[in-house]
Amino acid sequence: MAKFTTRLDNFCFLPHHTSSSHSSNFLSRTSRKNLHLELIPSKHRLNFKVLCSIKDKKNVKDEIEKVGASSGGLVNGVRVEELDEKGGLGRESASREDNFDLVWPPWKNIPQRYKLIGTTSLAFVICNMDKVNLSVAIIPMSHQFGWNSSVAGLVQSSFFWGYALSQLPGGWLSKLFGGRKVLEIGVLAWSLATALVPVLAGFMPGLLLSRILVGIGEGVSPSAATDLIARSIPLEERSRAVSFVFGGLSVGSVTGLLVAPTLIQNFGWESVFYIFGLLGIWWYSGFHFLGEEQALDAVEVEHVAPLRSANQHKPWNDSLKELDGMKTSWNNTLEELRVSLKDVPWKAFFRSPAVWAMIYAHFCGSWGHYTCLSWLPTFFSEELNLNLREAAWVSILPPLASVFVTSIAAQVADNLIANGVETTTVRKICQAISFLSPATCMILSSLDLGLQPWEIVGILSCGLALSSFALSGLYCTHQDISPEYASILLGITNTVGAVPGIVGVALTGFLLDSTHSWGVSLFAPSIFFYLTGTVVWLAFASSKPQNFLESD
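Residues numbered from 1 in each chain as written. Predicted model: local features only at pLDDT ≥ 70, side-chain atom pairs only at ≥ 80, totals over all residues. Heavy atoms only, no water.

As annotated in an unreviewed UniProt entry, the chain is Major facilitator superfamily (MFS) profile domain-containing protein from Hibiscus sabdariffa. UniProt lists a comment for the chain under the heading Sequence similarities (unreviewed entry), and it reads "Belongs to the major facilitator superfamily. Sodium/anion cotransporter (TC 2.A.1.14) family." Note on the chain: under the UniProt heading Subcellular location (unreviewed entry), the record states "Membrane". (UniProt positions renumbered as here; feature names shortened; annotations may be inferred.)

As structure tokens, then:
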């Protein structure tokens, strides 16, 4: 007799290479839990009997005791017992044991933390696709609706109004409910709001509101991701995890800038918002399904059916009691929200020089990032005389180079920490590179040095790509100093970091209308904040763990 255990829910699979003329198959299913497959070959072949039993790992021990020593037990693998040809199916003459697990879906045995990091990174890809789509679509939209640079800047900056408003609530909710659930809801919210943009584009208040909602949905994502990483990733893997997740933003920028011009030229600017919004809804459905699958895997199916059957025949009084219980649970949840908000050591946060260094560094980095993200396609189109597709494709180069820089920076940072270099020193080096590189390249691009357009593109791309070192600098420091409050700390710094999106993006458009100079409107403010941010970071930043509760 041959017995093996498999993880599949409704079938077992046995490789069989003999012709049907030499054997006949008998298949009988006695229950949902057990599937028996008997092969009765011809008289010239060995006889096998295969019993497939679906068992959860935690029930294997009980099954071994049930089967007993006479049958050799049941393991999470395969036991093949060859039957003597002469003795028939009942006599065992030899046996061998093979380690075999048939796993479906293929990612089932991937460690949980890797699955969370992978899906979160994919969410960030979609996040920046929905962020950069307007920076491309704003060009044909401005022509259609007659917007000048100031109005275009106002429309683009409206995203950051919602983005700033949702930072602290996102960090707080992530700490309370977990980053996974907050991220899931955030993706769905911003995807639906993205799909509404074409419907509301002709009505300015409605358009601004839709972009604010996109900002609110995307604003909770960094804190949710930070909470996931702080809870599930050890220190020696943290730089790579942060870089992989937030590196999805660069991939999203590349993808959005690559796809958007083609969609606009072939199907109109409206198609960008519809298609990108549907991608987010698709991610939500897949992520939700993955979560349900993992939950079902932890519970034996045979225990679910009786409970479900029992629930269907509950008395009316029991249903009323359940409703009362739900109301009590909801009231308790509200009380937990109030208490948890009160227990956050806000005063201790703002007494820490390291927190203030993170706040200002985040502000400085965001000024350069958001203004370039919003205005570079227009800069390339007007200043370098490129058409829509060429301008968008050239704008791909900075985030595309960032993907490679991110992986290198993360590996270097983790290796330095693993080799004994102080964590604070590593974070300071990475953040200094991320500030000084784009500042230097912007200075070269803004000066009248007689550079060719492709040279300006190359210089800016290199500088902005090297700014990705911040993912191994600033963006790791929140988890370094306090894993418990990492999501809230990122919510604080990200709130301040969203201000340049509101002020800087709009101010760039205003200065451009006033001065007609890209050097003054786009590059000069970024250079200033990059340089001052470097000084503050080197002077006050620290990655030493801090107990904020004791100092509060």
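Caption draft 1: View of the packing of helix H2 (residues 112-145) against helix H5 (residues 179-200). One can describe the packing of H2 onto H5 by two numbers: an axis separation of 11 Å at closest approach and a directional angle of 25°. One finds that H2 runs roughly parallel with respect to H5. Crossing hand, H2 versus H5: left-handed. Here Gln 112, Leu 116, Thr 120, Ala 123, Phe 124, Ile 126, Cys 127, Asp 130 and Asn 133 of H2 lie close against H5, whose contacting residues are Arg 180, Leu 183, Val 187, Trp 190, Ser 191 and Thr 194. A class-by-class count of the residues in the contact of H2 with H5 yields eight nonpolar, five polar and two charged. (Axes fitted to C-alpha atoms, helices over the stretch in contact; angles between N-to-C directions. Helix = DSSP H or I, 4+ residues; strand = E, 2+ residues; numbered from the N terminus. Parallel < 35°, antiparallel > 145°, perpendicular 65-115°, else oblique. Left-handed = near helix turned anticlockwise from the far one by under 90°. Contact = heavy atoms within 4.5 Å. Nonpolar A, V, L, I, M, F, W, Y, C, P; charged D, E, K, R; others polar.)

Caption draft 2: Representation of H5. Taking 1.5 Å as the rise per residue, H5 with 22 residues should run 32 Å; its terminal C-alpha atoms sit 31 Å apart, in good agreement. Among the residues making up H5, those that are buried are Gly 179, Val 182, Leu 183, Glu 184, Gly 186, Val 187, Trp 190, Ser 191, Ala 193, Thr 194, Val 197 and Pro 198. (Expected span 1.5 Å × (residues − 1). Buried < 20%, exposed > 50% of the residue type's maximum accessible area, 1.4 Å probe, protein only.)

Caption draft 3: Just the side chain of Gln 431, in detail. For Gln 431, the position within the fold is in helix H15 (residues 423-446). Once residues lying within four places of it in the same chain are set aside, the contact partners of Gln 431 are Ala 470, Gly 473, Leu 474 and Trp 537.

Caption draft 4: Molecular detail of the environment of Val 242. One can find Val 242 in helix H8 (residues 235-267). Look at Val 242 and you get buried, because its relative accessible area is 0%. Distance from Val 242 to Ala 230, taken between C-alpha atoms, is 9.7 Å for residues twelve residues apart in sequence.

Caption draft 5: Representation of the UniProt feature "transmembrane region" (unreviewed entry) in the chain in the model. Per the UniProt annotation, the sites labelled "transmembrane region" (unreviewed entry) are residues 185-209, 241-260, 272-290, 355-376, 396-417, 456-476, 488-512 and 518-540. Spanning residues 241-260, this segment combines 100% helix with 0% strand, and its end C-alpha atoms are found 29 Å apart.

Caption draft 6: Structural context of H2. The first and last C-alpha atoms of H2 sit 48 Å apart over 34 residues, in line with the 50 Å expected at 1.5 Å per residue. In terms of burial, H2 is a largely internal element, 26 of the 34 residues being buried. Downstream of H2 by a residue or two, Gly 146 has a phi angle that is positive, lying close to 70°.

Caption draft 7: Main features of the packing of aromatic side chains. For the structure shown, the criterion picks out 24 aromatic pairs. Judged by centre distance (4.9 Å) and plane angle (85°), the ring pair of Phe 349 and Phe 548 falls under edge-to-face. A residue pair is termed long-range when its members are at least 10 positions apart, and Phe 349 in helix H12 (residues 346-351) and Phe 548 in helix H20 (residues 548-551) qualify at 199 residues. What makes Phe 349 buried here is its relative accessible area of 0%. Owing to a relative accessible area of 2%, Phe 548 belongs among the buried residues under this scheme. Geometrically, the ring pair formed by Phe 363 and Trp 367 is tilted, given 6.1 Å between the ring centres and 45° between the ring planes. Of this pair, Phe 363 and Trp 367 both sit in helix H13 (residues 353-383), four residues apart, roughly one helical turn. Both residues of the pair, Phe 363 and Trp 367, belong to the buried class. Aromatic ring contacts, followed pair by pair, group Tyr 360, Phe 363, Trp 367, Phe 528 and Phe 529 into a single cluster. (Phe/Tyr/Trp six-rings, centres within 6.5 Å; stacked < 30°, edge-to-face > 60°.)

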